[in-house]
Amino acid sequence: MSQDTEHDHNSKANLSDDDRINASTIIPVPEGNDIPEESDSPSKGSTVDKEVNENVDDTPDSDVDEPIKATEDLENDDLPEEISEEDKETIKKVASDDNLSQAKSYASILVEQVIHAKETFERSLGSLFTSAFTAGLEIGISFFMILSAFALLNDVIPSRYAMVLSSLLYPIGFIIVVIGQSLLFTEQTSLLSLPVLNKIEPLHKLIRLWGIVIAGNIVGGCIFAALMIGLGLHMHLFTDHAIDVYAEHILGFEWWVIFGSAVLAGWMMGVAAWLVTSARDTLSRIVLVTLITGSIGFLGLHHSIVGNIEVFSALLYGNTVSLWRYLVFLVVVLVGNTVGGVVFVAVLKNRTFLFEVEKVKEQSAEARANMVRRRF
């Protein structure tokens, strides 16, 4: 690539957001952001294209290529058909994200989430349930590790401190689920609601999708509890007393306290999904998942899918939990997680994005009006 081309590209990258929007509105940019060919170099464009293609082919599996492609190279076909052509052009402008040295833009994150959510809506029911079932099994690893650590520490330090220290193992299952891209309800709550909030998908499809994911998560978690927690008892990793103690640690509150705790946990899981989308590499995603879910475990907040395994294990192998108590707990926590994920994350962040889109529309209209005035 020539020095002039490189200089022009760097100058464009250094423009402010407003300047870049105005420039894109007034001056058409050739596809791929390539600089037009000079008259004395007829083969220059093909040489540049060849260099770009070679660079892309060198790193097909890069952690950063796939997420960036979703927003940098957006085409009209990538966006839902329900969106008008004008809105598609506006969304492509606000979601443009081609600077790898900086954090992803707000709009880039949200557009990427909407695209991924749209893909989830289009998956078959069998695929959705299997993925959710897998997540229910995988998330159980967190509780298995926590319970084993708690039983070990409880013999040497006070129970309260043993509970806190063992909770630091909470992120293990979440890392497996998130990096492995299985469908976990609390992670997907805010993500899957975005197409509905933007009137791309109907509400009844969202409710059906949530139902499938919840069912898969709960069935997978119950099977894990029945098999693996029973195995742990026979391996003497923990006792039925430890299972009861941990269940009471979860259940020993008024229902409204459990609901409020679940709302906060759902909020934090929605934030985790947002931050994971904002990350450009796998290591960053692992760190973010560890920080957010580790905080949920440390605070003892109520997570519906992990909590299902914790309480169902006590129902099967403990002595203090009844079926009615388990079912009431599950319903309260599911509702709380849903409220936290949808209201505090999806609705508010989506509203901010819509304000940004309206701002770009106004700037584009003003730029077109200025061009008309200059002509006359």
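Residues numbered from 1 in each chain as written. Predicted model: local features only at pLDDT ≥ 70, side-chain atom pairs only at ≥ 80, totals over all residues. Heavy atoms only, no water.

## Side note on the overall build of the protein chain
Next, step 1: Across its full length, the protein chain carries 16 helices and 0 strands.
Next, step 2: In the protein chain, buried positions account for 44% of the 376 residues.
Next, step 3: The contacts in the protein chain between residues at least 6 apart in sequence include a share of 80% that link residues at least 24 apart.
Next, step 4: As presented, the protein chain carries roughly 19,500 Å² of accessible surface, and 60% of it is formed by carbon and sulfur atoms. (Helix = DSSP H or I, 4+ residues; strand = E, 2+ residues; numbered from the N terminus. Buried < 20%, exposed > 50% of the residue type's maximum accessible area, 1.4 Å probe, protein only. Contact = heavy atoms within 4.5 Å. Areas by Shrake-Rupley, 256 points an atom, 1.4 Å probe, with all protein chains shown as cover.)

## Here we look at the side chain of Ser313
Next, step 1: By secondary structure assignment, the location of Ser313 is in helix H15 (residues 304–317).
Next, step 2: Of note is the side chain of Ser313, whose polar atom sits 2.6 Å from the backbone oxygen of Ile309.
Next, step 3: The residues touching Ser313, leaving out its near neighbours within four places in the chain, are Phe143, Ala225, Ile229, Ile243 and Gly318. (Polar contact = N/O pair within 3.5 Å; in protein donor to acceptor, adjacent residues only side chain to side chain.)

## A few points about the environment of Leu197
Next, step 1: Its location among the elements puts Leu197 in helix H10 (residues 185–197).
Next, step 2: In this structure, the C-alpha to C-alpha distance between Leu197 and Val347, residues 150 residues apart in sequence, is 7.5 Å.
Next, step 3: When neighbours within four sequence positions are excluded, Leu197 is seen to be in contact with Ala346, Val347 and Asn350.

## Comments concerning the packing of helix H7 (residues 125–153) against helix H12 (residues 240–251)
Any two packed helices are characterised by how steeply their axes cross, that is the angle between the axes, and by the distance between the axes.
Next, step 1: Two elements in contact, H7 and H12, have axes whose closest approach is 10 Å; the angle formed by their N-to-C orientations is 110°. By the criterion of interaxial angle, the relationship of H7 to H12 is roughly perpendicular. Like other packed secondary-structure pairs, H7 and H12 cross with a definite hand, here right-handed. Residue-level inspection shows Phe143, Ile146, Leu147, Phe150 and Ala151 of H7 in contact with H12, the latter providing Ala242, Ile243, Val245 and Tyr246.
Next, step 2: Along the lines of polarity and charge, the residues of the contact of H7 with H12 split into 9 nonpolar, no polar and no charged. (Axes fitted to C-alpha atoms, helices over the stretch in contact; angles between N-to-C directions. Parallel < 35°, antiparallel > 145°, perpendicular 65-115°, else oblique. Left-handed = near helix turned anticlockwise from the far one by under 90°. Nonpolar A, V, L, I, M, F, W, Y, C, P; charged D, E, K, R; others polar.)

## Section: the environment of Cys222
Next, step 1: Among the structural elements, Cys222 can be located in helix H11 (residues 203–234).
Next, step 2: We classify Cys222 as buried; its relative accessible area is 15%.

## Some details on empty space enclosed by the protein
Next, step 1: Going through the model one piece at a time under the given rule, you end up with 2 cavities of 30 Å³ or more.
Next, step 2: Approximately 40 Å³ is the volume attributed to the largest cavity.
Next, step 3: Taken together, the elements giving at least two residues each to the lining of the largest cavity come down to helix H6 (106–121), H10 and helix H16 (323–375).
Next, step 4: Ranked by residue count, the leading element in the lining of the largest cavity is H16, at 4 residues.
Next, step 5: Partitioned by chemical class, the residues of the lining of the largest cavity number 5 nonpolar, 3 polar and 1 charged.
Next, step 6: Size it by volume and the second largest cavity reaches roughly 40 Å³.
Next, step 7: The wall of the second largest cavity is formed by Val178, Glu187, Met269, Ala272, Ala273, Val276, Val289 and Thr293.
Next, step 8: Looking at the lining of the second largest cavity, the elements that each hand over two or more residues are helix H13 (255–278) and helix H14 (282–299).
Next, step 9: Broken down by element, the residue count for the lining of the second largest cavity peaks at 4 residues, all from H13. (1 Å grid on protein atoms, 1.4 Å probe; cavity = no way out; pocket = protein on both sides within 12 Å on 5 of 7 lines; lining within 4 Å. Points joined across faces, edges and corners; volume = space filled by probe spheres on them.)

## Thoughts on the nonpolar core
Next, step 1: Membership of the largest hydrophobic core comes to 75 residues, with the highest contact counts inside it found for Ile139, Phe174, Leu184, Ile229, Phe238, Tyr246 and Tyr326.
Next, step 2: Among the elements that make up this core, the one with the highest residue count is H11 (12 residues).
Next, step 3: Sequence-distant contacts of Tyr246, that is, excluding residues within four places in its chain, are made with Phe143, Ile146, Leu147, Phe150, Met163, Ser166 and Glu310. (Core = buried A, V, L, I, M, F, W, Y, C linked by side-chain atoms within 4.5 Å.)

## Digging into helix H9 (residues 171–180)
Next, step 1: Taken together, the buried positions of H9 are occupied by Pro171, Gly173, Phe174, Val177 and Val178. The buried residues of H9 occupy one face: seen down the axis, they fall within an arc of 155°.
Next, step 2: Considering only its buried residues, H9 is in contact with H7, H10, H13, H14 and H15.
Next, step 3: Backbone geometry just downstream of H9 places Gln181 in the positive-phi region, at approximately 60°. (Arc of directions from axis to C-beta.)

## A short note on the confidence of the model for the protein chain
Next, step 1: Looking at the protein chain, pLDDT values average 78 and 68% of them are 70 or higher.
Next, step 2: For the protein chain, the element scoring lowest by mean pLDDT is helix H2 (residues 17–26), at 42; H15 scores highest, at 96.
Next, step 3: This stretch, residues 1–69, has a pLDDT under 50; its non-local contacts, to residues over four places away or in other chains, come to 46 contacts. (pLDDT = per-residue confidence, 0-100.)

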